[in-house]
Amino acid sequence: LVGGLILRGNHCVLIRSLSGEWEGMRLPWAAADKDESGAEAAVRIVSELCEIEHTQVRVLDLAPVTVAVPGMPIFLHALYAVDPPPAGFVGDVEDPEDLYDWYTFPRAMAALAKDAYARAALVTMACALAAAGGLVPKCWGGVFGQEWTTPAFQMLPEPGLNLDSEDENEEGAAKADASGSKDRGHPAKRKKTSQSQNDCS
């Protein structure tokens, strides 16, 4: 089984069944086809369940998170909305006549109150997003899970995990590269800086 968590800023998508197939909100997931990769399956599944075009999301370069349901694990991929929020967008507002709604981390955790496995997966995803640095866009309200991860990461043992400072250092390294400096830094960091410059364009 494969799922896709659509992200946009500090919101994620949860889905509902308009036909009564299940009660309440849940993560978008379904069975993957035989010949498709996990990422391809995630994009197809959210496209079908949310009735959106597959071009409206892109796959983030992060490992999938496991929704550890006994006997039927679901591999949840992080996806990101291509388009910005519409004018006047307000999250955490439910429309029972729509297939999906956008939730901040606290509201998503509340909406999934009866699904401990999905809640655990959201916690894991929030940590992964917070620790991913420039691999995750930081726009349109921030990063999903920030309401919890920001204070939680501040409680880590010294020297902590200040990824904002790391990003600033990488931007400086990128400027040094452009000026012809021989100290080009770690190739992975150069790649991450390049990716972060293209976020939310």
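Everything below is about the structure printed above this text.
Residues numbered from 1 in each chain as written. Predicted model: local features only at pLDDT ≥ 70, side-chain atom pairs only at ≥ 80, totals over all residues. Heavy atoms only, no water.

Regarding unusual backbone geometry
With an omega dihedral of 10°, the bond running from Glu-158 to Pro-159 counts as a cis peptide bond. With respect to the secondary-structure elements, Pro-159 resides in the loop between helix 4 (146–153) and helix 5 (163–178). Phi is positive for Glu-51, which is not a glycine, with a value near 55°. With respect to the element layout, Glu-51 can be found in the loop between helix 1 (38–50) and strand 4 (57–59). One non-glycine residue with positive phi stands out, namely Trp-140, at about 55°. (Helix = DSSP H or I, 4+ residues; strand = E, 2+ residues; numbered from the N terminus.)

Some remarks on the layout of surface pockets
Here the second largest pocket is characterised by a volume of approximately 210 Å³. Contributing to the lining of the second largest pocket are Trp-22, Glu-23, Gly-24, Met-25, Arg-26, Ala-111, Leu-112, Ala-113, Lys-114 and Asp-115. (1 Å grid on protein atoms, 1.4 Å probe; cavity = no way out; pocket = protein on both sides within 12 Å on 5 of 7 lines; lining within 4 Å. Points joined across faces, edges and corners; volume = space filled by probe spheres on them.)

Considerations on the environment of Glu-147
Note on placement: Glu-147 falls in helix 4. For Glu-147, a relative accessible area of 32% gives the class partly exposed. Sequence-wise, Glu-147 and Asn-10 are 137 residues apart; in three dimensions their C-alpha atoms are separated by 8.6 Å. Apart from residues no more than four positions distant in its own chain, Glu-147 is found in contact with Asn-10, Thr-104, Phe-105 and Pro-106. Reaching out from Glu-147, the side chain makes a polar contact with the side chain of Asn-10 at a distance of 3.1 Å. (Buried < 20%, exposed > 50% of the residue type's maximum accessible area, 1.4 Å probe, protein only. Contact = heavy atoms within 4.5 Å. Polar contact = N/O pair within 3.5 Å; in protein donor to acceptor, adjacent residues only side chain to side chain.)

Digging into the packing of helix 3 (residues 116–131) against helix 4
Axis separation between helix 3 and helix 4 bottoms out at 10 Å; the angle between their running directions is 65°. Judged by the inter-axis angle, helix 3 sits roughly perpendicular to helix 4. The two elements helix 3 and helix 4 meet at a crossing, and its hand is right-handed. Between helix 3, through Val-123, Ala-126, Cys-127, Ala-130 and Ala-131, and helix 4, the contact on the second element is made entirely by Trp-148, Thr-149 and Phe-153. (Axes fitted to C-alpha atoms, helices over the stretch in contact; angles between N-to-C directions. Parallel < 35°, antiparallel > 145°, perpendicular 65-115°, else oblique. Left-handed = near helix turned anticlockwise from the far one by under 90°.)

Some thoughts on helix 1
Along its 13 residues, helix 1 runs 18 Å from first to last C-alpha, staying within 8% of the 18 Å computed at 1.5 Å per residue. When we look at burial in helix 1, the residues that qualify are Ala-41, Ala-42, Val-43, Arg-44, Ile-45, Val-46, Ser-47 and Cys-50. Taken together, the buried residues of helix 1 touch strand 1 (2–8), strand 2 (11–15), strand 3 (29–30), strand 4, strand 6 (74–81) and strand 7 (100–103). Backbone geometry just downstream of helix 1 places Glu-51 in the positive-phi region, at approximately 55°. (Expected span 1.5 Å × (residues − 1).)

Notes on the pattern of salt bridges
Within the structure shown, the criterion is met by five salt bridges. Of the charged contacts, one joins Arg-16 and Asp-101 as a salt bridge, the two residues approaching to 2.6 Å between their closest N and O atoms. One end of the pair, Arg-16, is in the loop between strand 2 and strand 3; the other, Asp-101, is in strand 7, and 85 residues separate them in sequence. The same class applies to Arg-16 and to Asp-101, which are both buried. One salt bridge connects Glu-48 with Arg-44, and the closest N-O pair in it is separated by 3.1 Å. Pair noted here: Glu-48 and Arg-44 are both in helix 1, with a separation of four residues, about one helical turn. Beyond isolated ion pairs, a larger network of salt bridges with shared partners links Asp-33, Glu-36, Arg-44 and Glu-48. (Salt bridge = Lys/Arg side-chain N within 4 Å of Asp/Glu carboxyl O.)

Things to note about helix 3
Under the 1.5 Å per step criterion, the end-to-end length of helix 3 is 23 Å for 16 residues, consistent within 8% with the ideal 22 Å. Turning to helix 3, its buried residues number three or more, namely Ala-118, Ala-121, Leu-122, Met-125, Ala-126 and Leu-129. Burial along helix 3 is one-sided: seen end-on, the buried residues are contained in an arc of 140°. The opening residue of helix 3, the one whose side-chain oxygen lies 3.3 Å from the backbone nitrogen of Tyr-117, is Asp-115. At the C-terminal side of helix 3, Gly-133 shows a positive phi close to 60°. (Arc of directions from axis to C-beta.)

Digging into the environment of Gln-146
The topology assignment puts Gln-146 in helix 4. Expressed as a C-alpha distance, the spacing of Gln-146 and His-11, which sit 135 residues apart in the sequence, is 9.9 Å. Dropping the residues within four chain positions of it, Gln-146 is found in contact with Asn-10, Gly-141 and Pro-151. Within the structure, the side chain of Gln-146 is placed 2.9 Å from the backbone oxygen of Gly-141, a separation counted as a polar contact. Separated by 3.0 Å, the side chain of Gln-146 and the backbone nitrogen of Val-143 make a polar contact.

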